[in-house]
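What follows is each chain in one-letter form.
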Amino acid sequence: VGSLRWRKGHKFAVQAFASVAEKFPELKFVIVGKKYSDHYLNKLRNTIKELNLEGRVHIFTEVDSRAELVNFYRQAELFCLFSQNAGHDLEGFGLVFLEAAASGLPIVGSRGSGVEDAVLDGKNALLVDAHDKSAFAEAIIKILSSDSLRQKMATESIAFARASGWDKKISAYADIYAQLGNSK
């Protein structure tokens, strides 16, 4: 889930999925996001075709309602996004990771971006180097190959999402401001 932009790493995730697809022949890869440019969408579609993944990788660019998005999360077994950084074009906080966690999904993402603030590496997520497609594929395979790991991470995701609600964050920020005000 995320706008179809280079920094979201969809193209690299599709390349990694080619390895995952060999291990899980029935698995589908679903990309949900608004089209940013025809150029990038066409490159993504060409990558899917070159890897013979038509029918296995699906792109949805017209998801307009929260209910539709939630339905995609509910049907998923895992959430992954292979975020990339290039200069000032980088992944921010990664709200979609928190949405996936709230849906009880194990997560695979990349290090070196705001994703690290939106997950707990080793608990509800496995984070890998943003340039290592093999590690990305291996993390997905590791989670999908173990029902117990997938369930443990799903439980951690829900707990993390509950602890990350605005009510908790506002209270934490208020405490910080109060401490700063008292330090004068």
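If you're wondering where the values come from, they're calculated on a predicted model, not measured in any experiment. (Residues numbered from 1 in each chain as written. Predicted model: local features only at pLDDT ≥ 70, side-chain atom pairs only at ≥ 80, totals over all residues. Heavy atoms only, no water.)

A. Region of the structure containing the overall build of the chain. The helix and strand tally for the chain stands at seven helices and five strands. When the helices and strands of the chain are read in sequence order from the N terminus, they spell out α-β-α-β-α-β-α-β-β-α-α-α. A compact globule built from 184 residues should have a C-alpha radius of gyration of about 16 Å, and the chain, at 17 Å, falls within 12% of that. When the 184 residues of the chain are sorted by exposure, 44% land in the buried category. Put simply, 69% of the contacts in the chain that link residues at least 6 apart link residues at least 24 apart. Here the chain has roughly 10400 Å² of accessible surface; of this, 52% comes from carbon and sulfur atoms. (Helix = DSSP H or I, 4+ residues; strand = E, 2+ residues; numbered from the N terminus. Rg over C-alpha atoms; globule rule 2.2 N^0.38 Å. Buried < 20%, exposed > 50% of the residue type's maximum accessible area, 1.4 Å probe, protein only. Contact = heavy atoms within 4.5 Å. Areas by Shrake-Rupley, 256 points an atom, 1.4 Å probe, with all protein chains shown as cover.)

B. Seen up close, the sheet that holds strand E4 (residues 107-110). Taken in spatial order, the three strands make up an open sheet running E3-E4-E5, and their pairing is parallel. Because the sheet does not close on itself, it has two edges, and the strands there are strand E3 (79-80) and strand E5 (125-128). The pairing of E4 with E5 spans four bridges and is parallel. In the strand pairing of E5, Val108 is matched with Leu126. Sheet contacts for helix H4 (residues 95-102): E3 and E4; angle to E4, the most-contacted strand, approximately 165°. (Pairing = 2+ DSSP bridges. Axes fitted to C-alpha atoms, helices over the stretch in contact; angles between N-to-C directions.)

C. Focus on unusual backbone geometry. At Asn52, a position not held by glycine, the phi torsion is positive, near 55°. With relative accessibility at 63%, the residue Asn52 sits in the exposed group.

D. Representation of the packing of aromatic side chains in the model. Counted according to the given criterion, the structure contains six aromatic pairs. Their ring planes at 85° and their centres at 5.3 Å tell us that Phe79 and Phe97 sit as a pair that is edge-to-face. Of this pair, Phe79 sits in strand E3 while Phe97 sits in helix H4; the two residues are 18 residues apart in sequence, bridging distant segments of the chain. Of the two residues, Phe79 and Phe97, both sit in the buried class. Through a chain of ring-to-ring contacts, three or more aromatic side chains come together here, namely Tyr73, Phe79 and Phe97. Positioned above the aromatic ring of Tyr36, the side-chain terminus of Arg5 is 3.7 Å from the ring centre. (Phe/Tyr/Trp six-rings, centres within 6.5 Å; stacked < 30°, edge-to-face > 60°. Lys NZ or Arg CZ within 6 Å of the ring centre and 35° of its normal.)

E. Quick peek at the layout of surface pockets. Roughly 530 Å³ of internal volume is contained in the largest pocket. Broken down by secondary-structure element, the contributors of at least two residues to the lining of the largest pocket are helix H1 (10-23), strand E1 (29-32), helix H3 (66-75), E3 and helix H5 (133-144). Of the residues belonging to the lining of the largest pocket, the class tally is 20 nonpolar, two polar and two charged. In this model, the second largest pocket occupies a volume close to 300 Å³. For the lining of the second largest pocket, the elements supplying multiple residues, two or more each, are H4 and helix H7 (166-182). In terms of residue count, the dominant contributor to the lining of the second largest pocket is H7 (four residues). (1 Å grid on protein atoms, 1.4 Å probe; cavity = no way out; pocket = protein on both sides within 12 Å on 5 of 7 lines; lining within 4 Å. Points joined across faces, edges and corners; volume = space filled by probe spheres on them. Nonpolar A, V, L, I, M, F, W, Y, C, P; charged D, E, K, R; others polar.)

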